[in-house]
Amino acid sequence: MTPEGAPDPLDDAALAARLFLVAPRLFGGMVLRGASPARDTMVAALHDALTSTGHPVRRMPGHVDGERLLGGVDLASSLASGRAVRQRGLLEEVAGGALVVPMAEKLEASIAGRLAQAFDEGAGPALILLDDALEDDDAPPAALLERCAFHADLATSRLSDLAPLEGPLAGLDTVQLTEDAAVDALAKTGEALGVSSLRALIFAAAAARAHALLGGRGEVIESDLAAAVRLVLAPRATQLPPVDEAPEDQPEEEPQNPPDQSESDHDTDQDAPNAPLEEMLVEAAKAAIPADLLAALATGTAPRRVTGGGTGKRRKSGLRGKPLGARPGMPRGGARLALIDTLRAAVPWQAVRRRETNAAPDAPIQMRKGDLRVRRFEDKATRVTIFAVDASGSAAAARLAEAKGAVELMLAQAYVTRSEVALVAFRAEHAELLLPPTRSLTRARRALSELPGGGGTPLALGLDAARECADAVAARGRTPSLVVLTDGRANIDRDGQPGRKQAGEDAAASAKAIARAGYDALVIDISARAGPEGAALATAMKARFLALPRADARAIASAVEAVQPAPVRQGHAA
C-alpha cells in the first residue's frame with residue numbers, strides 16, 4: 001500500500017505519460033509495473049490519446065513469432081495465386097504508433113532483440129511494456145528497459161481515475177537545453193544515483209524540455225530538471241548519493257587573511273548556481289524513490305532484477321514446453337515437422353523451380369530439403385534445493401532443531417513451486433544422503449526425525465556429498481542449488497581423522513570444487529555466535545552468506561526463501 005500522506009504513484013505516472021505523449025518515438029516507451037486498476041486506467045488513457053490523433057495502437061499476442069512480428073509470406077494468398085504474396089508484420093502495422101506488450105517479463109530474448117533492433121533503426125513503434133512480475137527478481141529484458149524512458153510502478157496505487165491525456169504535441173524542437181550548468185547537473189545526479197546509462201541521461205534532458213513545453217516555457221528551468229530526474233533517473237537508481245557531513249562539534253576556523261570582499265562575492269556568485277542545483281536534483285530523486293528501496297540501497301541489499309524466473313534453467317526441447325519459432329532441420333530424432341513454416345519457406349521459390357523443371361503453373365508444390373522446418377520448444381528444468389545440514393555436536397546443541405524445522409517448511413512449499421528438496425547430513429566421521437530429491441513431505445519428516453546429532457564436524461565430507469548430489473541432479477537435466485547450514489568450524493578431515501588444520505584445508509578445497517561447478521549456493525551460519533569461519537566458507541564456495549545467530553525455523557526458512565532465485569519466492573507468494 002502507499003504510505004499515508006505520500007503521493008499516489010499514479011500522479012507521477014500520469015505526468016510521465018504526458019511527457020511521453022509529447023514525442024512517443026523520442027522517448028521510446030513506458031514500463032508500467034504492477035497489475036492494478038490504476039495501470040488499466042493508464043493503458044486505456046494512452047490508447048485513447050494516441051488513437052484520437054491517428055496513431056495506431058496494437059496489443060502484441062503472447063506467443064508472437066518472428067514471422068508475425070516482422071512480416072513474411074501470406075501462405076493462403078500465395079497458394080491461391082500461385083505466387084509469393086507478402087503480408088505485413090505487426091511492427092509495420094503499428095508504425096508511428098505504440099505496441100502494448102503484456103507480460104513483458106516473460107518476453108523471449110529473440111523477440112526482445114527484434115523489438116530493440118527495430119527501435120534502433122527508427123522503424124519500430126513506441127513500446128508500452130506491462131510488467132506483471134510478482135517478485136523483484138523478474139523484469140522485462142534489459143534491452144527494452146534501456147530503451148523506454150519512463151518506468152512506473154502502479155502496484156500500490158489506490159487511484160483508478162485519470163483525466164484524459166492529450167495526444168502527441170508539436171513544438172519540442174523550440175525548447176532548448178543549452179545551459180552547461182543544467183546538463184552538468186543532470187550528469188552528476190545520474191552519477192550520484194549510480195545510473196551508468198548514457199541513454200537515460202539523454203532521456204532525462206528530453207524530459208526536461210518536454211516538461212517545459214507543457215508548462216508553456218521556451219527554456220528549461222529548475223522545476224523541469226527536477227521533474228526529469230524524478231521520472232527518468234530515480235527509477236533507475238542503484239545506489240544512494242554520497243553524503244558529506246562535517247563534524248558538528250568542530251568549530252569553523254576563520255581565515256587569517258580574509259580575501260578581498262569583492263573577490264569573495266564574485267566567487268560565491270560564480271559557484272552558487274552549480275552546487276545548489278545538483279543538490280536540489282538529488283533531493284528530488286531521493287524523494288521519488290520508495291522508502292523501502294531507499295533503505296535497501298543504503299544497506300546494499302537492493303534486489304537484483306534479472307529476467308528469467310521459473311522453476312529452473314530454461315532449456316531447448318523438440319518435444320514439449322513453450323512453443324518457440326521454427327528452425328531449419330530434418331524431422332528426425334523426435335523433432336516434429338513444422339508444416340506451415342515449411343510451406344512458407346517453399347512457396348516463394350515455386351516459380352523458379354517450375355521453370356527449372358518445365359512444370360505447369362498449377363503443378364504441385366515442389367519441396368527441397370532446405371525448406372524443411374522443425375518445431376522448437378522451451379522447457380524449464382525442475383529446481384532441486386539440496387540442504388547440507390551440520391549435525392555435529394556444536395551445531396546440534398545450538399540450532400539443529402531449527403535447521404530441521406526450516407528444511408521441513410521449505411519442503412512444504414515444494415509442492416506449490418513444483419520443486420524438489422534433498423537432504424544431506426554430516427556428523428562424526430561420515431556424511432550421507434538421508435533424503436534423495438523428492439516432493440514427499442512424509443519421507444522428509446521421517447528422515448528428519450531420524451537425524452541424530454553429535455560428534456565432530458566433517459565439513460569437507462558434507463560438502464562433497466552435497467556436490468555429488470548436485471552433479472547427479474544436473475546430469476538428469478534439473479537445476480540444483482545448495483543450502484549449507486553449518487557453523488563452519490571443521491575438525492574432521494576427509495579421512496575421518498581429527499585435526500582442525502587439515503579439516504579446514506579439506507573443507508576449503510571442497511568449497512572451491514563447488515565454486516568451480518558453478519552451482520548456486522547459500523551458506524547459513526547457524527551458530528549461536530557467528531564467527532569468521534562461515535563467511536570464509538561462503539567466499540571459497542562463491543556463495544551468498546547469511547548469519548542467523550538468533551532465529552527459529554520459520555525465520556531460517558524465510559531467509560532462505562528471500563535469497564533463493566525467483567521460483568521459490570513465487571511459489572510462496574502464490
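Structure shown above.
Just so you know, these numbers come straight off a predicted model, no measurement behind them. (Residues numbered from 1 in each chain as written. Predicted model: local features only at pLDDT ≥ 70, side-chain atom pairs only at ≥ 80, totals over all residues. Heavy atoms only, no water.)

J.: Which parts of the structure should I look at to understand the packing of aromatic side chains?
T.: How two aromatic rings sit relative to each other is set out by the distance from centre to centre and by the angle between their planes. Taken as a whole and judged by the stated rule, the model has 1 aromatic pair. An angle of 45° between the planes, with centres 5.2 Å apart, marks the rings of F27 and F150 as tilted. Of the two residues, F27 is situated in helix 2 (residues 24-27) and F150 in strand 7 (residues 150-153); the sequence distance between them amounts to 123 residues. The ring centre of F119 lies 4.4 Å from the NZ or CZ of R25, which sits over that ring. (Phe/Tyr/Trp six-rings, centres within 6.5 Å; stacked < 30°, edge-to-face > 60°. Helix = DSSP H or I, 4+ residues; strand = E, 2+ residues; numbered from the N terminus. Lys NZ or Arg CZ within 6 Å of the ring centre and 35° of its normal.)

J.: Could you clarify how one ought to interpret the pairing of strand 11 (residues 383-390) in this entry?
T.: The side chains of a regular strand alternate, first on one face of the sheet and then on the other. Of all 8 residues in strand 11, 8 are buried; the element is thus mostly enclosed. What you see with strand 11 is no split at all: R383, T385, F387 and V389 on one side and V384, I386, A388 and D390 on the other are buried throughout. Judged from the 7 bridges that link them, strand 11 and strand 14 (residues 479-486) form a sheet pairing that is parallel. From the neighbouring strand, F387 faces strand 14, where its bridge partner is V483. In this structure, strand 11 lies alongside strand 12 (residues 420-427), joined through 7 bridges in parallel fashion. (Buried < 20%, exposed > 50% of the residue type's maximum accessible area, 1.4 Å probe, protein only. Pairing = 2+ DSSP bridges.)

J.: Sorry if this is basic, but what is going on with the sheet that holds strand 7 here?
T.: Whether parallel or antiparallel, the strands of a sheet pair through hydrogen bonds between backbone atoms. Ordered in space as 2-5-6-1-7, the 5 strands form an open sheet in which the pairing is parallel. Across the chains shown, the open sheet's two edge strands, defined by having one partner strand only, are strand 2 (57-59) and strand 7. Ignoring which end each strand starts from, the neighbouring axes of this sheet average 15° apart. Where strand 2 meets strand 5 (residues 98-101), 3 bridges bridge the pair, whose relative direction is parallel. Looking at strand 5, one finds that V57 is bridged to A98. Contacts from helix 3 (residues 37-51) reach strand 1 (29-33), strand 2, strand 5 and strand 6 (126-131), with the element oriented near 160° to strand 1. (Axes fitted to C-alpha atoms, helices over the stretch in contact; angles between N-to-C directions. Contact = heavy atoms within 4.5 Å.)

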